[in-house]
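Chain residues, written in single-letter form:
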Amino acid sequence: MQKREYLNFEGITISSYEYGEFDKIFNILSPHKGIITAIIKRIRKTSNKNFDYIDVFQKMNFKASITDNFYIIYEAKSVETWFERPIKLTNLSSGNIIAELTINFNSINENNNYIYHLVSKCLKWISNDIFIFTLVYFQIKLLLAEGIFPEINICLNCNNKIQPGDYLLNLIESGIFCNKCSEKTKFSSLKLLEQEIRLLKHIKNTEYDNNLNINNIITKKVELSLYKKLSTYIKFYTNKELKSEKILFSSLNKY
Amino acid sequence: MNKKNVSISSVISDLINHLNQLPGIGPKTAERLAFHIIKSPENKILSLADSLIKSKQKLSFCNNCFIVTEINPCNICTDEMRDQKSICIVQDSIDAYAIESTNNYNGSYHILNGYISPINGIGPNELTISSLIKRIEKKPPTEIILATNPTIEGDATATYISNQIKSANIKISRLAVGIPFGGDLDYTDPKTLTQAFNSRQIFE
Ligand SMILES: [Zn+2]
Ligand SMILES: [Zn+2]
């Protein structure tokens, strides 16, 4: 017999699509169950006292009824909204990249609570117009949480300590080869420049809090090139293109 | 013979698949519609098929405003009684029809054919924005009304367009967001209520 359960939870709306004539389906990131896919009925048709205004990139308290793993939201109250109107394309597409990465890596595990607060923090930074740094930070922390951050301290082949310099990052082996051993890693490799490795290490070892100050951030050029390389690295693992990326890059060229 | 191995006719499954691809129609609804079609009288279904074919053969997008039309340029773009110096920008033709049904607006339209949605791979280049900019350069309007939906994506679309066409001589406005007629203040969410409050008007 189908059993109906009820759940109250805090969550962040990360993406949505229209469903049927009046309904909308939301992907809601939760601290304990990863992404919950839930339907909100008649949301495009009527206003309802149980619902605050609801769109993507909002932290809300939800009440849901669950039958057979099918979630119906019957109440949603705002906790925090990040993207104030008017919203710029760069902010929207950066937020969408966070959403796509979160969806691509979604699984239910002990990291859910960490990822939840990471997404929350990164959306806040993006709404404060900190784009590429936030995306690189998100990529690195996500790779660490998922256990696929590359080895960048010692050579994968000879175990010698990596000295400052430019190196090849091997996608298959997930790490760096020193210059002596790099003959062995011509295939599926990405060149990481010294500055990029430094930024990679810096973010790996630093937890920034919610109130990130843009003045503390290193040069823009390194951020963007590192972002693109990590994006290639991540695509190698997920086998998924990020649809928002192309639109973010074209909007960066415009401003 | 095991009855469970009897498969559904491929004609029916094709029909269900086609219906399922329409927006807002899930597999269950597609199935229901398919069996409704099968049970309907033949003449009704032939005339449905006929209008489907005609909609593809006779309708196209207006070269100027991109509304769905039988003649090109459309009736709205060629109507001299209309204020062609006012352009109302909407997401889809259906939104223009909704505004037309109010009999309250007498300018022209520009249909974007969607809205910016990076997560779905839809950026400014996927919409009719470059045609809009060319149209404005060729015949500068005095007024632009941004009538995209008040969602995050609709709003990002409006913001993007307004940044592209900013000029001292064009009055750019955005549709107001507020409390619906017959609505109840107590039932209005705080964000809408704040917006309605901020865009309050002189009472005459
Ligand atoms: Zn080595
Ligand atoms: Zn027209």
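Right above here is the structure, for reference.
Before going into details, it helps to say that this report is about the structure given with it. (Residues numbered from 1 in each chain as written. Chains lettered and ligands numbered in written order. Predicted model: local features only at pLDDT ≥ 70, side-chain atom pairs only at ≥ 80, totals over all residues. Heavy atoms only, no water.)

Some details on the coordination of the zinc ion (ligand 1)
In an ideal octahedron of six donors the angles at the metal are 90 or 180 degrees, and in an ideal tetrahedron of four donors they are 109.5 degrees.
Residues and elements named next belong to chain A.
Okay, so step 1: Ligation of the zinc ion (ligand 1) by protein atoms is provided by Cys-155 (SG), Cys-158 (SG), Cys-178 (SG) and Cys-181 (SG), these donors lying 2.2 to 2.4 Å from the ion.
Okay, so step 2: Read N to C, the donor residues that coordinate the zinc ion (ligand 1) are spaced as C-x2-C-x19-C-x2-C. Note that Cys-158 is positioned in the loop between α3 (132-146) and β6 (167-170) and Cys-181 in the loop between β7 (175-177) and β8 (189-192), a separation of 23 residues in sequence.
Okay, so step 3: By relative accessible area, Cys-181 is classed as buried at 7%. (Donors = N, O, S within 2.8 Å, 3.2 Å for Na, K, Ca; no water. Helix = DSSP H or I, 4+ residues; strand = E, 2+ residues; numbered from the N terminus. Buried < 20%, exposed > 50% of the residue type's maximum accessible area, 1.4 Å probe, protein only.)

Points about helix α2 (residues 112-127) of chain A
In an α-helix there are 3.6 residues to a turn, and that puts residues three or four apart on one side.
Residues and elements named next belong to chain A.
Okay, so step 1: If you check α2, its first and last C-alpha atoms are 23 Å apart, about what 16 residues at 1.5 Å a residue would give, namely 22 Å.
Okay, so step 2: Packing partners of the buried residues in α2 comprise β1 (4-19), β2 (23-30), β3 (34-40), β4 (58-67), α1 (89-104) and α3.
Okay, so step 3: The positive-phi residue at the C-terminal boundary of α2 is Asp-129, with phi of around 65°. (Expected span 1.5 Å × (residues − 1). Contact = heavy atoms within 4.5 Å.)

Overview of the packing of aromatic side chains
All names here are of chain A.
Okay, so step 1: This structure, assessed with the given rule, holds 12 aromatic pairs over all chains.
Okay, so step 2: Consider the rings of Trp-125 and Phe-133, whose centres lie 6.4 Å apart with planes at 45°: the pair is tilted. Of the two residues, Trp-125 and Phe-133, both sit in the buried class.
Okay, so step 3: Connected via pairs of aromatic rings, a cluster forms that spans Trp-125, Phe-133, Tyr-137 and Tyr-208.
Okay, so step 4: A cation over a ring is seen here: Lys-228 above Phe-249, with NZ or CZ 4.8 Å from the ring centre. (Phe/Tyr/Trp six-rings, centres within 6.5 Å; stacked < 30°, edge-to-face > 60°. Lys NZ or Arg CZ within 6 Å of the ring centre and 35° of its normal.)

Re the packing of helix α1 (residues 10-20) of chain B against helix α2 (residues 27-39) of chain B
Residue and element names in this part refer to chain B.
Okay, so step 1: At a minimum axis distance of 8 Å, the contact between α1 and α2 shows a crossing angle of 125°. Regarding the angle of α1 to α2, the classification is oblique. You can see that α1 and α2 cross each other, and the crossing is right-handed. Side by side, α1 and α2 meet where Ile-12, Leu-15, Ile-16, Leu-19 and Asn-20 of the first sit next to Pro-27, Ala-30, Glu-31, Leu-33, Ala-34, Phe-35, Ile-37 and Ile-38 of the second.
Okay, so step 2: Each residue belonging to the contact of α1 with α2 can be placed in one class, and the counts come to 11 nonpolar, 1 polar and 1 charged. (Axes fitted to C-alpha atoms, helices over the stretch in contact; angles between N-to-C directions. Parallel < 35°, antiparallel > 145°, perpendicular 65-115°, else oblique. Left-handed = near helix turned anticlockwise from the far one by under 90°. Nonpolar A, V, L, I, M, F, W, Y, C, P; charged D, E, K, R; others polar.)

Shape descriptors only; they carry no functional weight alone.
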